[in-house]
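Residues per chain, in single letters:
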Amino acid sequence: LINADGWMIFPNPTMNNFTLNYSGAQQIESLTLFNTLGEVVWSANTSTKNHWVINAEILAAGVYFLSVKSPSGISNFKLEKLN
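Reading the values: the criteria
- Residues numbered from 1 in each chain as written.
- Predicted model: local features only at pLDDT ≥ 70, side-chain atom pairs only at ≥ 80, totals over all residues.
- Heavy atoms only, no water.
- Pairing = 2+ DSSP bridges.
- Helix = DSSP H or I, 4+ residues; strand = E, 2+ residues; numbered from the N terminus.
- Salt bridge = Lys/Arg side-chain N within 4 Å of Asp/Glu carboxyl O.
- Buried < 20%, exposed > 50% of the residue type's maximum accessible area, 1.4 Å probe, protein only.
- Axes fitted to C-alpha atoms, helices over the stretch in contact; angles between N-to-C directions.

Draft legend 1. Highlighting the pairing of strand β8 (residues 73-81). Across nine bridges, the pairing between strand β7 (residues 62-70) and β8 is antiparallel. From the neighbouring strand, Gly-62 faces β8, where its bridge partner is Lys-81. Connecting the antiparallel pair β7 and β8 is a turn made up of two residues.

Draft legend 2. View of the pattern of salt bridges. Tallied over the full model, the rule gives one salt bridge. Across the pair Lys-69 and Glu-29 runs a salt bridge, and its minimum N-O distance is 4.0 Å. With Lys-69 in strand β7 and Glu-29 in the loop between β3 (17-22) and β4 (30-34), this pair connects stretches of sequence that are 40 residues apart. Residue classification places Lys-69 among the partly exposed residues on the basis of a relative accessible area of 40%.

Draft legend 3. Local environment of the sheet that holds β7. An order of β5-β4-β7-β8 is seen for the four strands of this open sheet, with the pairing classed as antiparallel. The open sheet has two edge strands with one neighbour each: β5 (40-45) and β8. When the angles between neighbouring strand axes are averaged without regard to direction, this sheet yields 15°. In this structure, β4 lies alongside β7, joined through five bridges in antiparallel fashion. Along β7, the bridge assignment pairs Leu-31 with Val-68.

All we've got here are geometric facts, nothing functional implied.
Below is the structure:
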């Protein structure tokens, strides 16, 4: 569970899905999930949503980095996918 800056990301680590909930005041411009090689494996461009589900079943086991872009900058979170 990550609970920071208005974000709740769970479960972390996961075997199935990552659920992302945002309760902060910032407008979210985009969400991008990268693998450890820097390749984009999932992305969403949005300004109105505050809830997303990433299907982690299609991801290989390992560490991923979620980049969240807002008008105030970029926040990064480390996520882990289990077998």
